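Each chain is listed here by its residues.
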Amino acid sequence: MIIIFRFTLGLAVGSASTIVPAYLAEIATGNLRGSLVVLMELVIVSGQLLAYIVNAIIAITLGHDPHVWRYILAIAAIPAILLFFGMLINKESPRWLVAKGKTSEALDVLRLTHESEAKAIAELNDIQDLLAEQSIQQNLSFKDFTEPWMKKVLLIGIGVAILQQTTGVNTIMFYGSQILTKSGFSTDAALIGNIGNGIISVIGTLFGFTLVRRLTRRKMLTIGLIGILFANTCIGTISNIMAGSPNLPYFVLSLTITFLFFQQTFVSPVTWVYMSEIFPLRMRGTALGIAVFFLWGSNFCIQLLFPILMNTFGLSNTFYIFSSIGILSLLFTKFIMPETKGLSIEDIERKFRHDYK
């Protein structure tokens, strides 16, 4: 039963991962798009921190109760209920409304998100102009993805999605307590220490919320990947040198916190912003869905393989593997990933059509 409903939950999370960043990118103005999508990441890591705190409290205070896991799962239904009612009062994306011929409704939404009537009308006109350019291709098919420019953009989006997961972030988010236990902490100490990972994720995302408006997409990703490469290499080295030392778990905890700071400040925010803005309007839902599929597919593979790698190669060599992947990610960012900061969604599409035709 758990497997069946965990699969159902996976469908819900996968759908939200596709819909939410696309929706935020379409409803936000160009200067706020990055910050708004990063806000999504902030809410995610805040929820994870809350989950760590609640899980630690329940596990420590009610650990003797054989039904403790049921309480943990039941509490997770509360934010789902809040999200359901919140979506009932939300506005539709103005770009979706224009595509459906509901121009007046789209303008009403744009008035809410723009500083003046003139700017709202200007963006409405820009949306209509782009849709007019695409009017002869209204029926989307997978044949559209064979166009050279769209194929390149889709592959870049998939590459960024895979890159975000192969840093090893979710090994720490999901297996953080096991990593700390493996390094020498007791189970209760590891649960409490894992709260530190959640706290730094929230703090890092708050920094990312500010930096995404100041730094270019590529610079943010490069800084984050260099920091992660440093943390992964240090975890691998220190776990090898200090094996058996009572101080090892504290060093590992400090390095996982360092890792998450760079991940949540630089890598994760820019990943969701970038994927939400690079795909053309007509194909955004489908293309973003494909990219997110590869993101969660990579996540699944890493979660599946991480315990096997830990048992087979040990903590040290496992993180060396992530370091090697990090070098490839830096090369991808430098030589393949194009810059999109400062461009409207419509201008990004025109840029890609021109550059990759």
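Relevant structure appears above.
Computed from a predicted model, the values in this text were never measured in an experiment.

## A closer look at helix 9 (residues 169-183)
At step 1: Taking 1.5 Å of rise per residue, the 15 residues of helix 9 would be expected to cover 21 Å, yet its terminal C-alpha atoms sit only 18 Å apart, more than 12% below that figure.
At step 2: Its maximal kink placed at Tyr 175, helix 9 deviates by approximately 85 degrees.
At step 3: The buried fraction of helix 9 amounts to 11 of the 15 residues, a majority that puts the element mostly inside the structure.
At step 4: Taken residue by residue, helix 9 has Val 169, Asn 170, Thr 171, Ile 172, Met 173, Tyr 175, Gly 176, Ser 177, Ile 179, Leu 180 and Ser 183 as its buried positions.
At step 5: Check the buried side of helix 9 and you find it contacts helix 2 (33-61), helix 8 (148-166), helix 10 (187-211), helix 12 (248-277) and helix 13 (284-335).
At step 6: Positive backbone phi, at 135 degrees, marks Gly 184, one or two positions downstream of helix 9.

## Some details on a nonpolar patch on the surface
At step 1: Taken together, Ile 81, Phe 84, Phe 85, Leu 88 and Ile 89 make up a surface patch of nonpolar side chains, about 590 Å² in accessible area.
At step 2: Of note, Ile 81 is situated in helix 4 (residues 77-88).
At step 3: Residue class for Ile 81 comes out partly exposed when judged on its relative accessible area of 47%.

## Side note on the packing of aromatic side chains
At step 1: Across all of its chains, the model carries 10 aromatic pairs by this definition.
At step 2: Taking the centre distance of 5.7 Å and the plane angle of 85 degrees together, the rings of Phe 261 and Phe 262 count as edge-to-face.
At step 3: Taken together, Tyr 175, Phe 306, Phe 319 and Phe 322 form an aromatic cluster joined through their ring pairs.
At step 4: Positioned above the aromatic ring of Phe 335 is the side chain of Lys 334, whose terminal nitrogen or guanidinium carbon lies 5.6 Å from the ring centre.

## Topic: helix 6 (residues 103-113)
At step 1: Listed in full, the buried residues belonging to helix 6 are Ala 106, Leu 107, Val 109 and Leu 110. Seen from one end, helix 6 has its buried residues packed into an arc of 160 degrees, which puts them on one side. Away from the buried face of helix 6 by more than 90 degrees, exposed residues Ser 104 and Leu 112 are located.

Conventions we followed
- Residues numbered from 1 in each chain as written.
- Predicted model: local features only at pLDDT ≥ 70, side-chain atom pairs only at ≥ 80, totals over all residues.
- Heavy atoms only, no water.
- Helix = DSSP H or I, 4+ residues; strand = E, 2+ residues; numbered from the N terminus.
- Expected span 1.5 Å × (residues − 1).
- Bend = angle between axes of the 7 residues up to and from the residue.
- Buried < 20%, exposed > 50% of the residue type's maximum accessible area, 1.4 Å probe, protein only.
- Contact = heavy atoms within 4.5 Å.
- Patch = residues over 30% accessible without salt bridge, like charges linked within 9 Å, V, L, I, M, F, W, Y side chains within 5 Å.
- Areas by Shrake-Rupley, 256 points an atom, 1.4 Å probe, with all protein chains shown as cover.
- Salt bridge = Lys/Arg side-chain N within 4 Å of Asp/Glu carboxyl O.
- Phe/Tyr/Trp six-rings, centres within 6.5 Å; stacked < 30°, edge-to-face > 60°.
- Lys NZ or Arg CZ within 6 Å of the ring centre and 35° of its normal.
- Arc of directions from axis to C-beta.

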